[in-house]
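Here are the chains, one letter per residue:
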Amino acid sequence: MKKILTAIFVVMLVFSGCSPIQDGLGGMSAVLGVDLSSAQIKKQLDDHGGFHGDGSSYWELSFSAEEGAALEKSIRQTEGWRALPVSEEGEILLYGNDGVGPYLKWKEQGMFPKVETGYWFFYDRQTGSYETTDVASRGAYNFTAALYDSQTYTLYYGELDT
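Residues numbered from 1 in each chain as written. Predicted model: local features only at pLDDT ≥ 70, side-chain atom pairs only at ≥ 80, totals over all residues. Heavy atoms only, no water.

Draft legend 1. Structural detail: the packing of aromatic side chains. The final tally for this structure, using the stated rule, is five aromatic pairs. On the numbers, 5.3 Å between centres and 45° between planes, the contact of Trp81 with Phe121 is tilted. One end of the pair, Trp81, is in strand β3 (residues 81-83); the other, Phe121, is in strand β6 (residues 118-124), with 40 residues separating them in the sequence. In this structure Phe121 comes out as buried when scored by relative accessible area, which is 1%. Where Tyr123 meets Tyr130, the ring centres are 5.1 Å apart and the plane angle is 50°; that geometry is what we call tilted. A relative accessible area of 24% means that Tyr123 is categorised as partly exposed. Here a set of aromatic residues connected by ring pairs shows up, and it is made of Trp81, Phe121, Tyr123 and Tyr130. Above the face of the Trp120 ring, Arg82 is positioned so that its terminal group lies 4.6 Å from the ring centre. (Phe/Tyr/Trp six-rings, centres within 6.5 Å; stacked < 30°, edge-to-face > 60°. Helix = DSSP H or I, 4+ residues; strand = E, 2+ residues; numbered from the N terminus. Buried < 20%, exposed > 50% of the residue type's maximum accessible area, 1.4 Å probe, protein only. Lys NZ or Arg CZ within 6 Å of the ring centre and 35° of its normal.)

Draft legend 2. Highlighting the environment of Tyr95. By the secondary structure assignment, Tyr95 is in helix α4 (residues 88-95). Judged by its relative accessible area of 17%, Tyr95 falls in the buried class. Tyr95 sits 19 residues away from Lys114 along the chain, and the two C-alpha atoms are 8.2 Å apart. Among the polar contacts listed, one links the side chain of Tyr95 to the backbone oxygen of Pro113, at a separation of 2.8 Å. (Polar contact = N/O pair within 3.5 Å; in protein donor to acceptor, adjacent residues only side chain to side chain.)

Draft legend 3. Spatial organisation of the pairing of β6. By the criterion of burial, β6 is predominantly enclosed, with six of the seven residues buried. Here β6 pairs with strand β7 (residues 142-149) via seven bridges, running antiparallel. Pairing of Gly118 across the sheet is with Asp149, part of β7. (Pairing = 2+ DSSP bridges.)

Draft legend 4. Layout of the sheet that holds strand β8 (residues 154-161). Reading across from one edge, β1-β2-β8-β7-β6-β3 is the order of the six strands in this open sheet, with antiparallel pairing throughout. Of all strands in the sheet, those bounded by a partner on one side alone are β1 (40-46) and β3. Neighbouring strand axes in the sheet, compared pairwise and without regard to direction, differ in orientation by 15° on average. Alignment of β7 against β8, held across eight bridges, turns out to be antiparallel. Along β8, the bridge assignment pairs Ala146 with Tyr157. With respect to the sheet, helix α3 (residues 65-76) is in contact with β3, β6 and β7, its orientation differing from that of β7 by roughly 130°. Running at roughly 95° to β7, α4 makes contact with β6 and β7 of the sheet. (Axes fitted to C-alpha atoms, helices over the stretch in contact; angles between N-to-C directions. Contact = heavy atoms within 4.5 Å.)

Draft legend 5. Region of interest: the pattern of salt bridges. What the rule picks out here adds up to three salt bridges. Of the charged contacts, one joins Glu72 and Arg76 as a salt bridge, the two residues approaching to 3.4 Å between their closest N and O atoms. Of this pair, Glu72 and Arg76 both sit in helix α3, four residues apart, roughly one helical turn. For Arg76, a relative accessible area of 51% translates into the label exposed. Glu131 serves as the salt-bridge partner of Arg82, at 3.7 Å between the closest nitrogen and oxygen. Taken as a pair, Arg82 in strand β3 and Glu131 in the loop between β6 and β7 lie far apart in primary sequence, 49 residues in all. (Salt bridge = Lys/Arg side-chain N within 4 Å of Asp/Glu carboxyl O.)

Keep in mind these values describe shape, not function.
Encoded structure:
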């Protein structure tokens, strides 16, 4: 009986991986390094039902002008965030280029809108790096990306796990 319970426990651990998306705004706040508790959720998509939690997720969060200004101030001081425009490799991952990508997509459509003024974030969970270098050339992807639109006070957040 003890062996059966141990086996069940191990199987539950293997198949119960948590992601920031499953942990809601608190998990996203931790990954992005900024407080998202005042956000209004405009859109939420998640298909992480694949083997070992494979899939993609997308959230659109809106803020008031005052909350957006506070968020932007925090973003400027937080590791992983950069002023737009998105780097060349980031562009491929988020939007696609010459038939390659976008990697973050929902039902074959790119998730992220083009944002002119604001900041972008990238975290490669495979390497623990904030760099996009060589990510698109791999066979598997586990990363988080975000865009903050300073004009509309909207944060776009996506995850890809393969």
